[in-house]
Amino acid sequence: MVANKKVLMLPGDGIGPEVMGEVRRLIDWMDKRRSVTFDVTEDLVGGAAYEKHGAAISDDTMDVALNSDAVLFGAVGGPQWDNIGFDVRPEAGLLRLRKDLDLFANLRPAICFDALADASSLKRELVGGLDVLIVRELTGGVYFGEPRGIEDLPDGQRRGINTQVYTTEEIRRVCRVAFDLAKKRDNRVCSVEKMNVMESGLLWREEATWVHENEFSEVELSHMLADNCGMQLVRNPKQFDVIVTDNLFGDMLSDVASMLSGSLGMLPSASLGPEDESGRRRALYEPVHGSAPDIAGQGKANPLAMIQSYAMMLRYSFDMGEDADLVEQAVRNVLDAGLRTGDIMQDGMTLISCEQMGEAITAELDKQAA
Ligand code: IPM
Ligand code: MG
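For the structure given in this document, a descriptive report is provided here.

Conventions adopted
- Here, residues in each chain are numbered from 1, in the same order as that chain's written sequence.
- For this description, chains carry letters from A and ligands carry numbers from 1, given in the order in which they are written.
- Where local features are concerned, this predicted model is filtered to residues with pLDDT of at least 70; where side-chain atom pairs are given and counted, the filter is 80 or more; whole-chain, interface and lining totals use all residues.
- As a rule here, side-chain values cover all heavy atoms of the structure and leave hydrogens and water aside.
- Helix and strand definitions follow DSSP, with helices as H or I runs of at least four residues and strands as E runs of at least two, each counted in order from the N terminus.
- Here, a salt bridge means any Lys or Arg side-chain nitrogen found within 4 Å of an Asp or Glu carboxyl oxygen.
- Only protein chains enter the accessibility calculation, which uses a 1.4 Å probe; a residue is then buried when its area is under 20% of its type maximum, exposed when over 50%, and partly exposed in between.
- Only buried Ala, Val, Leu, Ile, Met, Phe, Trp, Tyr and Cys residues count toward a nonpolar core, and they belong to the same one when joined by side-chain atoms within 4.5 Å.
- Either an automatic procedure or a domain database provided the assignment from which the domain bounds are taken.
- Residue contacts are counted whenever heavy atoms from the two residues lie within 4.5 Å of one another.
- Each axis is a line fitted through C-alpha atoms, and for a helix only the stretch in contact is used; angles between axes span 0 to 180 degrees, taken between their N-to-C directions.
- Under this scheme an angle from 65 to 115 degrees is roughly perpendicular, one under 35 degrees roughly parallel, and one over 145 degrees roughly antiparallel; angles in between are oblique.
- Each crossing is labelled by how the near helix is turned from the far one, with a counterclockwise turn of less than a right angle marking it left-handed and a clockwise turn marking it right-handed.
- Here the nonpolar group is Ala, Val, Leu, Ile, Met, Phe, Trp, Tyr, Cys and Pro; Asp, Glu, Lys and Arg are the charged ones; every other residue, Gly included, is treated as polar.
- A 3.5 Å cut-off defines polar contacts: any pair of N or O atoms within that distance qualifies, except that in protein one atom must be a possible hydrogen donor and the other a possible acceptor, and neighbouring residues in sequence count only when both atoms are side-chain atoms.
- Both site types are read off a 1 Å grid over the protein atoms alone. A 1.4 Å probe that fits but cannot get out defines a cavity, while an open set with protein on both sides within 12 Å along at least five of seven lines defines a pocket; lining residues have an atom within 4 Å of a point.
- Grid points are joined across faces, edges and corners, and a volume is the space filled by probe spheres set on the points.
- A pair of strands is labelled paired if DSSP reports no fewer than 2 bridges between them.
- Aromatic rings from Phe, Tyr and Trp, taking only the six-membered ring of Trp, are treated as a pair when their centres fall within 6.5 Å; an angle between ring planes under 30 degrees marks them as stacked, one over 60 as edge-to-face, and anything in between as tilted.
- By convention in this text, a residue qualifies as near a molecule or strand provided that one of its non-hydrogen atoms is within 4 Å of it.

## So, unusual backbone geometry
With an omega of 0 degrees, the peptide bond between Glu-146 and Pro-147 qualifies as cis. One can find Pro-147 in the loop between strand E5 (131-137) and strand E6 (149-152).

And the structure:
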């Protein structure tokens, strides 16, 4: 028996609970078929937490998160919360988790499944076999920089302010994660900033170079300006292996990269904190897609990004690479068999619901385990 692993499940809003339900199904399967037992707590986040506690995540929930081995996060937000303050809106729950758990390294793989290459807005030959990993800095930059706010000017105008700020160590630690991951892949890192207009970008380039020269000279490092990177991702995405970049550029570039893979509904992510003495990292796993309020509650959501986020949890938090491989293979097989939720539907394929997709994954795992 493997020792219990403490997992906090935060389904959130919109399609969050639906896609998380299919991870529950997987967890039950692992429990029965592979004797992997998780100690799962479920709680509220986002709009759901705001309705109950007046905050996007309660202090009690934060305590549980701080004491968990991993957090599984669904999605937050919806139009009904669009006009409340930044500090209580659903996204604030996610931002607090990232900040308080110190989840500074956000891993966003953009993988194009063969079966979905035609669903990409780019030509098959540009995206087929694509495997890019974006490492986004997640606890610094303009998302958290001070000063920030909206102020009134004497002439009656208003001024909105946000601050892009990075320190040496903030840059170095996320670059180290990127270099480390590159060693297990194609050994290439492209560091992305805007050093042509931003001092913080110049520092980013200098520190990325420092980490390369002093700690990872065996990995290939290149630099690119963020606007060019956006263009190159659409022009020739397969030129990249690992991209490391700041919080805001990473947010944008990972959305661009997601379209290469055919659907935002397919992409998982992992957010990792610093290693403690025992080598463990705090971690949160979430799909890149949002809460999709327009299709919530209709069984139409694609659970595969959430399911692959769960696979990333197995791999990065619990060192269960083999089980993660099983889940990822099941996803490929189900796609190869022509099963599709609405977002990735194509001619000649079989349209199924969120729940049926979850069932198809466990049925596939049953086959592999047989
Ligand atoms: C993401 C999202 C978040 C972000 C929002 C929901 C705060 O877009 O994870 O990419 O901007 O980081
Ligand atoms: Mg985003």
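Now that the structure has been shown, the text picks up again.
## Some details on the pattern of salt bridges
Inspection of the entire model under this criterion finds 28 salt bridges. With a shortest N-O distance of 3.2 Å, Asp-118 and Arg-124 are connected by a salt bridge. For Arg-124, a relative accessible area of 37% puts it in the partly exposed group. Through salt bridges with shared partners, one network takes in Arg-34, Glu-322 and Asp-323.

## A word on the nonpolar core
Counting residues in hydrophobic clusters, the biggest one holds 70 residues, and the most contacted among them are Leu-72, Leu-107, Val-135, Tyr-310 and Met-313. Here this core gets nine residues from one element, more than from any other, and that element is helix H10 (residues 304-318). Looking at this core, you find at least three residues from each of domain 1 (1-111 + 265-370) and domain 2 (131-260). Here Leu-72 is in contact with Val-7, Leu-8, Met-9, Leu-10, Met-20, Val-23, Ile-27, Tyr-285, Met-306, Tyr-310 and Met-313, once residues within four sequence places are set aside.

## What about the packing of helix H1 (residues 16-34) against H10?
Axis separation between H1 and H10 bottoms out at 8 Å; the angle between their running directions is 45 degrees. In terms of orientation, H1 lies oblique with respect to H10. At the point where H1 passes H10, the crossing takes the right-handed sense. Contacts between H1 and H10 involve Val-19, Met-20, Glu-22, Val-23, Leu-26, Ile-27 and Met-30 from the former and Met-306, Ile-307, Tyr-310 and Leu-314 from the latter. Each residue belonging to the contact of H1 with H10 can be placed in one class, and the counts come to ten nonpolar, no polar and one charged.

## Brief notes about the side chain of Ser-254
Summarising the element assignment, Ser-254 is placed in helix H9 (residues 247-260). By relative accessible area, Ser-254 is classed as buried at 3%. Here Gly-250 takes part through its backbone oxygen, which lies 2.7 Å from a polar atom of the side chain of Ser-254. Excluding residues that lie within four positions of it along the chain, Ser-254 makes contacts with Arg-108 and Ile-134.

## As for the layout of surface pockets
Each pocket or cavity is described by its volume, and for the largest pocket that value is around 1000 Å³. Forming the walls of the largest pocket are 38 residues, and the residues nearest its centre are Leu-133, Leu-181, Met-312, Arg-315 and Tyr-316. Elements supplying a minimum of two residues to the lining of the largest pocket: strand E4 (105-111), E5, helix H6 (168-183), strand E11 (268-275), strand E12 (281-287), H10 and helix H11 (321-336). It is H10 that provides the largest number of residues to the lining of the largest pocket, a total of six residues. Classifying every residue of the lining of the largest pocket gives 20 nonpolar, three polar and 15 charged. Residues lining the lining of the largest pocket come from more than one domain, with at least three contributed by each of domain 1 (1-111 + 265-370) and domain 2 (131-260).

## Comments concerning the sheet that holds strand E1 (residues 5-12)
One open sheet holds the ten strands; their spatial order is E2-E1-E3-E12-E11-E4-E5-E10-E8-E9, and the pairing between them is mixed. Where the open sheet ends on each side, the last strands, each with one partner, are strand E2 (38-42) and strand E9 (220-225). Taken pair by pair, the neighbouring strands of this sheet meet at an average axis angle of 20 degrees, ignoring direction. Bridge count for E1 against strand E3 (residues 70-75) is five bridges, and the pairing is parallel. Of the residues in E3, the one forming a bridge with Val-7 is Ala-70. Against the sheet, helix H7 (residues 199-215) engages E5, strand E8 (188-193), E9 and strand E10 (242-245), with an angle of about 175 degrees to E9. With respect to the sheet, H10 is in contact with E1, E2, E3, E4, E11 and E12, its orientation differing from that of E12 by roughly 165 degrees.

## Description of the packing of aromatic side chains
Under the criterion given, the structure shown has four aromatic pairs. Summarising the aromatic geometry, the rings of Phe-38 and Tyr-310 are spaced 6.3 Å apart at their centres and angled 70 degrees between planes, so their arrangement reads as edge-to-face. Within this pair, whereas Phe-38 is found in strand E2, its partner Tyr-310 is found in helix H10, the two being separated by 272 residues in sequence. Side by side, Phe-38 and Tyr-310 carry an identical accessibility label, which is buried. Ring centres 5.2 Å apart and planes at 80 degrees place the aromatic pair Tyr-166 and Trp-204 in the edge-to-face group. Here Tyr-166 is found in the loop between strand E7 (158-161) and H6, whereas its partner Trp-204 is found in helix H7, with 38 residues between them in sequence. Across the pair, Trp-204 and Tyr-166 agree in class, each one buried. An aromatic cluster of at least three residues, connected via ring pairs, comprises Phe-38, Tyr-310 and Phe-318.

## Topic: the site of ligand 1
The environment of ligand 1 is made up of Glu-91, Arg-98, Arg-108, Arg-136, Tyr-143 and Asp-251. Between an oxygen atom of ligand 1 and a side-chain N or O atom of Arg-108, the distance comes to 2.7 Å. Asp-251 places a side-chain nitrogen or oxygen 2.8 Å from an oxygen atom of ligand 1. Looking at the shell around ligand 1 residue by residue, the classes come out as one nonpolar, no polar and five charged. Each of domain 1 (1-111 + 265-370) and domain 2 (131-260) gives at least three residues to the shell around ligand 1.

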